[in-house]
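Below, each chain spelled out in residue letters.
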Amino acid sequence: NAGVTQTPKFRVLKTGQSMTLLCAQDMNHEYMYWYRQDPGMGLRLIHYSVGEGTTAKGEVPDGYNVSRLKKQNFLLGLESAAPSQTSVYFCASRALAEDTQYFGPGTRLTVL
Amino acid sequence: SQKIEQNSEALNIQEGKTATLTCNYTNYSPAYLQWYRQDPGRGPVFLLLIRENEKEKRKERLKVTFDTTLKQSLFHITASQPADSATYLCALDINNNNDMRFGAGTRLTVKP
């Protein structure tokens, strides 16, 4: 099993550009999460999903949108990137009957 | 306000000693608390979970305590080794509905 994978690993955007980050998991997990990690602030939850077709806002949802059209994929979109969205983005998944989250390797995004 | 604090940003100890990391939270009543390890450039990896009705949990050289009255968890690594050097994060499900919150982490360095 590949576990949780994230695409791309690195990306540089200009202010105002849009992009989509892809998270894929092959563990048949029901729950999926998107976090951002900034120095000194730890991980902050952006959006999460408790199942295919459902999403919910986390702690810092503004400026981001998500979709969960397939159980194994969770997409994070930035419609109009801002420098404040420069961060490392982590995806995670969790099985319904477990409390453990499995994290992907991260995507480092820089917005100029 | 609601927050999670890991009291030490960095902790340096000598090999063989016990490392003790602290996680304090305010205004939450989590059903469980988790500890993760994160190495540079990688996603967090789950270590231990302790539930609100458990006082202590152990796994090999790791021990976690949970005091819901003090709103505090302590994470211990006994007989520490240089390979234990990493950042350790605590996490709570603040509303018991998948809304996860992480502390900023403590960077542990174990010196030979």
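Further up the page is the structure itself.
First, a word on scope: everything that follows refers to the structure included in this document.

Rules behind the numbers
Residues numbered from 1 in each chain as written. Chains lettered and ligands numbered in written order. Predicted model: local features only at pLDDT ≥ 70, side-chain atom pairs only at ≥ 80, totals over all residues. Heavy atoms only, no water. Pairing = 2+ DSSP bridges. Helix = DSSP H or I, 4+ residues; strand = E, 2+ residues; numbered from the N terminus. Axes fitted to C-alpha atoms, helices over the stretch in contact; angles between N-to-C directions. Contact = heavy atoms within 4.5 Å. Buried area = accessible area lost by both parts, 1.4 Å probe. Salt bridge = Lys/Arg side-chain N within 4 Å of Asp/Glu carboxyl O. Polar contact = N/O pair within 3.5 Å; in protein donor to acceptor, adjacent residues only side chain to side chain. Nonpolar A, V, L, I, M, F, W, Y, C, P; charged D, E, K, R; others polar. Core = buried A, V, L, I, M, F, W, Y, C linked by side-chain atoms within 4.5 Å. Buried < 20%, exposed > 50% of the residue type's maximum accessible area, 1.4 Å probe, protein only.

Brief notes about the sheet that holds strand β3 (residues 19–26) of chain B
Residue and element names in this part refer to chain B.
Piece 1. Ordered in space as β1-β3-β8-β7-β6, the five strands form an open sheet in which the pairing is antiparallel. In the strand order of this sheet, the two ends are held by β1 (3–6) and β6 (56–59), each with one partner. If you compare each strand with its neighbour and ignore which way they point, the axes differ by 15 degrees on average.
Piece 2. Here β3 pairs with strand β8 (residues 72–77) via six bridges, running antiparallel. Counted as the bridge partner of Ala19 is Ile77 from β8.

Quick look at the interface of chain A and chain B
Piece 1. Each side of the interface is counted separately: chain A has 21 residues, and chain B has 20 residues.
Piece 2. For the chain A and chain B pair, buried surface summed over both sides reaches about 1500 Å², with 49% attributable to carbon and sulfur atoms.
Piece 3. On the chain A side of the contact with chain B, Leu43, Asp99 and Phe103 of chain A bury the most area, a combined 33% of that side's loss.
Piece 4. At the junction of chain A and chain B, the tally comes to two salt bridges.
Piece 5. Across the pair Arg51 of chain B and Asp99 of chain A runs a salt bridge, and its minimum N-O distance is 2.5 Å.
Piece 6. Counting the contacts that link chain A with chain B gives four residue pairs in polar contact (both at pLDDT 80 or more).
Piece 7. Of all the elements in the fold, those that place two or more residues in the side of chain A that touches chain B are β4 (31–38), β5 (42–51) and β9 (87–94) of chain A.
Piece 8. Looking at the side of chain A that touches chain B element by element, the count peaks at five residues for β5 of chain A.
Piece 9. Partitioned by chemical class, the residues of the side of chain A that touches chain B number eleven nonpolar, seven polar and three charged.

Side note on the sheet that holds strand β1 (residues 4–7) of chain A
Residues and elements named next belong to chain A.
Piece 1. Taken in spatial order, the four strands make up an open sheet running β1-β3-β8-β7, and their pairing is antiparallel. Looking at the sheet topology across the chains shown, the edges are occupied by β1 and β7 (65–67). Ignoring which end each strand starts from, the neighbouring axes of this sheet average 20 degrees apart.
Piece 2. In this structure, β7 lies alongside strand β8 (residues 73–78), joined through three bridges in antiparallel fashion. Across the sheet, the residue bridging to Ser67 is Leu75, located in β8.

Side note on the nonpolar core
Piece 1. Leu33, Trp35, Phe75 and Tyr88 of chain B are the most contacted members of the largest nonpolar core, which has 24 residues in total.
Piece 2. Not counting residues within four places of it along the chain, the set of residues in contact with Phe75 of chain B comprises Ala19, Thr20, Leu21, Trp35, Leu47, Leu48, Leu62, Lys63, Val64 and Tyr88 of chain B.
Piece 3. Core analysis: the next-biggest nonpolar cluster, separate from the first, contains 19 residues, Leu13, Val66, Ala81 and Val111 of chain A among them.

Overview of unusual backbone geometry
All names here are of chain A.
Piece 1. In this structure, Pro8 follows Thr7 across a cis peptide bond, with omega equal to -5 degrees.
Piece 2. Tracing the backbone through its elements, the reader meets Pro8 in the loop between β1 and β2 (10–13).
Piece 3. Of note, Asn28 is a non-glycine position whose phi angle comes to about 60 degrees, a positive value.
Piece 4. By secondary structure assignment, the location of Asn28 is in the loop between β3 (19–25) and β4.

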